[in-house]
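# A look at the structure
Chain residues, written in single-letter form:
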Amino acid sequence: MTATGPPTPLKPPPAGLPKELLSSASFLLKRLALVVKERSLEAFESTGLSPYHHGVLALLEEEPRETQAMIADALGYDRSHLVGLLDELEERGLIERRRDPGDRRRHLVSLTPEGRRALNRLRSIVKRVEDEFFAPLDAEQRQALHALLSQLASHHDPRHAASERSERS
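Here goes a summary of the coordinates provided. (Residues numbered from 1 in each chain as written. Predicted model: local features only at pLDDT ≥ 70, side-chain atom pairs only at ≥ 80, totals over all residues. Heavy atoms only, no water.)

## Points about the overall build of the protein
As a reminder of what qualifies: Per the convention used, a helix needs a DSSP run of H or I reaching at least four residues, while a strand needs a run of E reaching at least two, with both numbered from the N terminus. A simple rule labels every residue: compare its accessible area, found with a 1.4 Å probe on the protein chains alone, to the largest value its type can have, and call it buried under 20%, exposed over 50%, or partly exposed in between. The contact criterion used throughout is that any non-hydrogen atoms of two residues lie within 4.5 Å. Surface accessibility in these figures is a Shrake-Rupley result with a 1.4 Å probe; residues are shielded only by whichever protein chains are displayed.
Along the backbone of the protein there are eight helices and two strands. Each helix and strand of the protein, placed in order from N terminus to C terminus, yields the pattern α-α-α-α-α-β-β-α-α-α. Scored against the burial criterion, the 169 residues of the protein give a buried share of 25%. Of the contacts made within the protein by residues no fewer than 6 positions apart, 47% connect residues no fewer than 24 positions apart. As displayed, the protein has an accessible area near 12,400 Å², and 56% of this comes from carbon and sulfur atoms.

## What to know about the pattern of salt bridges
If charged atoms from side chains of opposite charge come close, those side chains can pair. Applicable threshold: Any Lys or Arg side-chain nitrogen located within 4 Å of an Asp or Glu carboxyl oxygen qualifies as a salt bridge.
Under the criterion given, the structure shown has eleven salt bridges. One salt bridge connects Asp131 with Arg142, and the closest N-O pair in it is separated by 3.4 Å. Residue Asp131 is located in helix H6 (residues 113-133), and its partner Arg142 is located in helix H7 (residues 139-156); the two are separated by eleven residues in the primary sequence. With a relative accessible area of 31%, Asp131 lands in the partly exposed category. Classification of Arg142 by relative accessible area gives partly exposed; the value is 28%. By sharing partners, the salt bridges in this structure join Asp87, Glu90 and Arg97 into a single network.

## Notes on the packing of helix H3 (residues 51-62) against helix H4 (residues 68-75)
Short version of the rule: An axis is simply a line fitted to the C-alpha atoms; with a helix, the fit covers only the stretch in contact. Between two such axes, the angle follows the N-to-C directions and lies from 0 to 180 degrees. An angle below 35 degrees is treated as roughly parallel, one above 145 as roughly antiparallel, one from 65 to 115 as roughly perpendicular, and anything else as oblique. Two helices cross in a left-handed way if the nearer one is turned anticlockwise from the farther one by less than a right angle. They cross in a right-handed way if the turn is clockwise.
Two numbers describe how H3 lies on H4: the axes approach to 11 Å, and their chain directions differ by 110 degrees. Comparing the axis directions of H3 and H4 gives the class roughly perpendicular. The chirality of how H3 crosses H4 is right-handed. Each of Gly55, Val56, Leu59 and Leu60 in H3 lies in contact with H4, whose residues at this interface are Ile71, Ala74 and Leu75.

Everything listed here is a matter of coordinates, which is why it stays silent on function.
In structure tokens:
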């Protein structure tokens, strides 16, 4: 006969959320945004870059914004925060900044070949995070969700609406 100690207490299940909150689409959006943000930050950690860096690199490749102010405005980043991001990207050789010969107060920003390679690595990470996050949805559901989110973004964010208009042109 073997002696056993007292039974190990089972971990109680997490407390459920109030039905009132679960019935709120904005609450669910906020909760899910926090989850996907955390997963993205964790996934990017090994690169030494962040989703904010990814935004800058993607913007510079897709539709180059020449000045720091244009980049900040397009992405909705605080201009002083953007300067720090650009410093980090420049130190890694992913972007190049140079004075605007026409206006010495401005810096022109461009993507380097190494920046394009880094952007491709970051895109792979984003794809993996999205595939894992949206795994419960099939392709049609993902497309429908994206269409609804785009509709909301167009209504609430002038940058999104402007991007959609330029795509149609």
